[in-house]
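One-letter residues, chain by chain:
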Amino acid sequence: MVCESWKETLDTYLDGELPEAEMRNFDAHVRGCHSCSADALTRVQMKRTIQVAGRRFTPSAEFRRRVQQRIAPKPQRSLGLGWMLAAAAAVILVVGAVTSTYVGTRSGGGQVFSEIADLHVATLASSSPVDVISTDRHTVKPWFQGKIPFAFDLPELQNSEFSLLGGRMAYLDQTPGAHLIYDVRKHHISVFVFQEQSLRAKLDDNSLAPKQLSFNMETWSQGGLRYFVIGDASAADIDSLAKLFKADT
Amino acid sequence: MPLFDQLYNFAHWLTRNTEEAEDLVQETYVKALKGFSSFQLGTNFRAWMYRILRNTFLTSRTGLRVTMTVPLDPEQDEPELAVENETPETILMNRSNSQLVLSAIDDLPMHHRETLLLCDVEEMSYQEIAETLSIPVGTVMSRLSRARRTLRDNLGRKLQGDEAVKEGKRGTNYGL
């Protein structure tokens, strides 16, 4: 078998779990080895398919309400126990919010913003945040052809502080879209593009990003597409990137 | 509520049943609330929540039934065989046959299914999975390897089965 020893650890490599030096060696090998790169591509596709298929089940809104009511502090309890439960609930919520780096609402437009924030955080935490790695918009844009049911333009970044890092597929409300990642002064910014019609039930033209988000976010609708720009960069940077998109699309 | 969607999805994969998944998630939050004093700030909150959910599942009637039928499977200190080159079937993996993938994941033994989902769906690190499942990192790696190999085999069989069914249908159409 070709490259047997490499292929034994190929999955570990793709999971981003090899020590740093081995990762570098593997990177170099995969770039030069047709057999391993083809194998790696197939396995990445399989991982992606499992990821999409694995997010199969969604809780109903009614169930969410039920659990919220169940764990909410009960006023009729004794004062001491009530305070303890309230404090525990508050700490769990805060810790959970820090874990996901987001505090938001989960209904209507709020739910969409919440999911966008989740997608942004999950992607940056991933060992492989982008599927197409390129700073060239003419490489990234064609990568989406055939993967999403619409086309979009990417802005020219010359003379701006932004650089394109790459892109990946994103799913929002079971609808495919494009997820682009930009860098500005070491801050990563996500730009999501989805079909407006698929989100119309949850967002309208006046939908504004909620202010309680830990991130800065802008969203707008243009040419039948819904754009979201989100990141921990300053509001001015988010706005600048949004303007580049608005001008070019 | 933090991690609500993810925990529900994971619970459904464990229980394979909507009502049981809801009960499991609800119980997880109640237990997390009551036992919050056992959570050490600064440690992994996500792994802690998943561990509560999983332990709750394992002590449920369905969980006990599942674990009693888990086949004995040596997991540690065994050199892994090199994975064969991908079959043509895996190259065909795309959205059009995601139902097959769902079914193939569902067919995995519980220990393999949960490890694969925590890695590929929740994108947990091996260390985080080890904390969640209370097993060594080496066991995480061997379970993942076996899960992926079994999944590939399952998919291959299912795709062949699909083809056979299509052939059969074509055959029976002659008499119509």
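Quick notes on the rules
Residues numbered from 1 in each chain as written. Chains lettered and ligands numbered in written order. Predicted model: local features only at pLDDT ≥ 70, side-chain atom pairs only at ≥ 80, totals over all residues. Axes fitted to C-alpha atoms, helices over the stretch in contact; angles between N-to-C directions. Helix = DSSP H or I, 4+ residues; strand = E, 2+ residues; numbered from the N terminus. Parallel < 35°, antiparallel > 145°, perpendicular 65-115°, else oblique. Left-handed = near helix turned anticlockwise from the far one by under 90°. Contact = placed C-beta atoms within 7 Å. Nonpolar A, V, L, I, M, F, W, Y, C, P; charged D, E, K, R; others polar. Core = buried A, V, L, I, M, F, W, Y, C linked by C-beta atoms within 7 Å. Buried ≥ 20, exposed ≤ 12 C-beta atoms within 10 Å, placed from the backbone. Pairing = 2+ DSSP bridges.

*Asks:* Looking at this structure, I do not really get the packing of helix H3 (residues 45-58) of chain B against helix H8 (residues 126-133) of chain B. What am I missing?
*Replies:* Each pair of packed helices gets described by two things: the angle between the helix axes and the distance between those axes. Residue and element names in this part refer to chain B. Contact pair H3 / H8: the axes reach a minimum separation of 8 Å and the direction vectors enclose 40°. Taken together, H3 and H8 sit at an angle that is classed as oblique. Helix-helix and strand crossings are classified by hand; for H3 and H8 the assignment is right-handed. Seen from H3, the contacting residues are Ala47, Tyr50, Arg51 and Arg54; seen from H8, they are Glu128, Glu131, Thr132 and Leu133. Taken together, the residues of the contact of H3 with H8 break down into three nonpolar, one polar and four charged.

*Asks:* What is the right way to look at the nonpolar core in this model?
*Replies:* Nonpolar side chains in soluble globular proteins generally cluster together in the buried interior. In terms of nonpolar packing, the biggest core is built from 47 residues, with Leu7(B), Phe10(B), Ala11(B), Val25(B), Met49(B), Leu53(B) and Ile129(B) touching the most fellow members. Here this core gets eight residues from one element, more than from any other, and that element is H3(B). Apart from the residues within four sequence positions on either side, Met49(B) is in contact with Leu3(B), Leu7(B), Thr28(B) and Ala32(B). Among the nonpolar cores identified, the runner-up in size contains 34 residues, and Phe113(A), Ala178(A), Leu180(A) and Phe192(A) belong to it.

*Asks:* How should I be thinking about the sheet that holds strand E1 (residues 132-133) of chain A in this particular structure?
*Replies:* By definition, the strands of a sheet pair up through backbone hydrogen bonds, in either a parallel or an antiparallel sense. Residues and elements named next belong to chain A. With respect to topology, six strands assemble into an open sheet ordered E1-E2-E3-E4-E6-E5, the strand pairing being antiparallel. Looking at which strands have only one partner, the edges of the open sheet turn out to be E1 and strand E5 (216-222). Two strands pair when backbone bridges link them, and strand E3 (residues 175-184) and strand E4 (residues 187-195) are joined in this way by seven bridges, in the antiparallel orientation. Its bridge partner being in E4, aspartate 183 is matched across the sheet by histidine 188. Contacts from helix H10 (residues 235-248) reach E3, E4, E5 and strand E6 (225-231) within the one sheet, and its direction differs from that of E5 by about 20°.

*Asks:* It is not clear to me how the pairing of E5(A) should be interpreted in this structure. Could you clarify?
*Replies:* Consecutive residues of a regular strand have side chains that alternate between opposite faces of the sheet. Residue and element names in this part refer to chain A. Where E5 and E6 come together, seven bridges link them in antiparallel fashion. When the sheet's bridge partners are listed, asparagine 216 is paired in E6 with glycine 231. Following E5, the chain reverses through two residues before pairing antiparallel with E6; glycine 223 in that reversal takes a positive phi of roughly 60°.

*Asks:* What's the story with the packing of helix H4 (residues 34-54) of chain A against helix H7 (residues 110-121) of chain B in this structure? I'm lost.
*Replies:* Between H4(A) and H7(B), the least distance of the axes is 9 Å, while the angle of their chain directions is 105°. Overall, the two elements H4(A) and H7(B) adopt an arrangement that is roughly perpendicular. Residue-level contacts link Lys47(A), Ile50(A), Gln51(A) and Gly54(A) of H4(A) to Leu116(B), Leu117(B), Asp120(B) and Val121(B) of H7(B). Among the residues forming the contact of H4(A) with H7(B), the class breakdown is four nonpolar, two polar and two charged.

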